[in-house]
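Architecture at a glance
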Amino acid sequence: MARMAGRRTLFAGPVLLAVTFGVFAVAALSPFDPVKAYAGNAGLTASQARLDQLRANLGVDQPLLARWWEWLTSAVTGDLGTSSVMRQPVSDVIAERLGWSALLALCAFAVAVLLGTALGVLAARRQGGRLDRVVSGLAYTLEAAPAYWLGLLAVWFFSVRLGVLPSGGLTDAGSDVITAGQVARHLVLPALVLGISQLPWFFLYVRQGVADALEEDPVRGARARGLGERRVLLGHGLRSGMLPMLTLIGSRVPELITGALLVETVFSWPGIAAATVQAATSVDFPLLAALTVLATAAVLAGNLLSDLLYGLADPRVGFDG
């Protein structure tokens with residue numbers, strides 16, 4: 001296990017380097033002007049000399065390689081630079097927002113895994129039944145539904161029509177204090193929307209895995225020995241059927257990040273995603289590079305976690321093979 005984790009860590013270094021360079025290269029080709037985004041309305045009437053001075057102050061007048069290398073050498077020492085759009089150090093921007101994004105992602109992931117597993121087991125128990133047909137149809141429909149569309153639909157139904165849940169933000173309007181109760185109420189809709197957008201894949205994987213496991217000889221033997229159906233289902237079918245889903249955990253991390261970006265934007269959730277959108281549209285090099293590295297590291301960590309979980313669940317899988 002340690003050897004595999006070490007190899008993955010060494011592999012992550014070149015990947016993160018390539019990602020950071022790619023961010024600076026793409027941003028350099030972007031049609032957005034970071035100077036005009038920084039200046040705002042004042043940039044419309046500013047002289048060219050003033051804009052050139054501002055461009056030099058922001059460091060965007062330097063060549064691509066020079067900007068990337070300067071950011072990289074500073075980042076190694078812990079200095080991620082200053083965000084031009086947020087007007088504060090990048091490390092402060094991430095520190096203020098990372099916790100809220102992590103809270104949303106963890107709650108949504110729990111909804112997707114727990115609800116998807118429960119529905120998948122129930123559907124696999126009686127394949128072709130009414131529950132299986134209904135839930136499978138909904139799962140295939142949700143696969144094609146964008147997260148932002150689900151978010152807008154949830155706002156219309158629960159906030160506008162029923163008025164039972166807030167439509168966005170972190171706290172109630174006019175409140176200067178962040179309380180756990182307010183955060184919990186405002187978290188319900190974005191967490192459910194993001195979780196439901198990821199649920200179809202977990203449901204379909206568990207359903208198919210458990211259904212295949214129930215047809216295996218060990219399960220048939222357990223039934224022949226007189227074991228109860230519940231024990232057979234949970235002790236044999238679910239354990240074997242969950243193995244394919246473990247590999248899904250890592251592969252869903254990129255989709256979870258993308259979905260979180262859309263959901264946070266719809267619900268005005270003060271997380272990393274909102275900062276990513278602002279950094280991209282304003283060509284904020286330091287902030288955009290740091291957030292992209294953070295997202296890439298999360299994807300690599302998710303893939304490593306799925307492999308470790310699979311190896312722990314199935315002793316036949318060798319970590320060092």
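Here's what I pulled together on the structure shown here. As the structure is a computational prediction, the values presented were derived from the model and not from experiment.

**Thoughts on the overall build of the chain**
Along its length, the chain carries 15 helices and two strands. By residue count, 37% of the 321 residues in the chain fall in the buried class. Put simply, the chain shows about 17,100 Å² of open surface, and 64% of that area lies on carbon and sulfur atoms.

**Some thoughts on the side chain of serine 159**
Relative to the helices and strands, serine 159 resides in helix H8 (residues 147–161). Within polar-contact distance, the side chain of serine 159 engages the backbone oxygen of proline 166 at 3.4 Å. Within the local environment of serine 159, its side chain forms a polar contact with the backbone nitrogen of serine 167, the two atoms lying 3.4 Å apart. Ignoring anything within four residues of it in the chain, the contact list for serine 159 reads Ala154, Leu165, Pro166, Ser167 and Leu189.

**Description of the nonpolar core**
Grouped burial of nonpolar side chains is what soluble globular proteins tend to show. Membership of the largest hydrophobic core comes to 21 residues, with the highest contact counts inside it found for Leu104, Val193, Leu194, Val263, Phe267 and Trp269. Ranked by residue count, the leading element in this core is helix H9 (residues 180–214), at six residues. Core analysis: the second largest hydrophobic core is formed by 20 residues, Trp68, Leu72, Ala279 and Ala290 among them.

**Topic: helix H13 (residues 253–266)**
Across its 14 residues, H13 extends 20 Å between first and last C-alpha, which sits within 8% of the 20 Å expected from 1.5 Å per residue. Residues of H13 that are buried include every one of Val253, Leu256, Gly259, Ala260, Val263 and Glu264, and no others. Seen from one end, H13 has its buried residues packed into an arc of 130°, which puts them on one side. Serine 268 sits one or two positions beyond H13 and adopts a positive phi of about 50°.

So, how was this worked out
Residues numbered from 1 in each chain as written. Predicted model: local features only at pLDDT ≥ 70, side-chain atom pairs only at ≥ 80, totals over all residues. Heavy atoms only, no water. Helix = DSSP H or I, 4+ residues; strand = E, 2+ residues; numbered from the N terminus. Buried < 20%, exposed > 50% of the residue type's maximum accessible area, 1.4 Å probe, protein only. Areas by Shrake-Rupley, 256 points an atom, 1.4 Å probe, with all protein chains shown as cover. Polar contact = N/O pair within 3.5 Å; in protein donor to acceptor, adjacent residues only side chain to side chain. Contact = heavy atoms within 4.5 Å. Core = buried A, V, L, I, M, F, W, Y, C linked by side-chain atoms within 4.5 Å. Expected span 1.5 Å × (residues − 1). Arc of directions from axis to C-beta.

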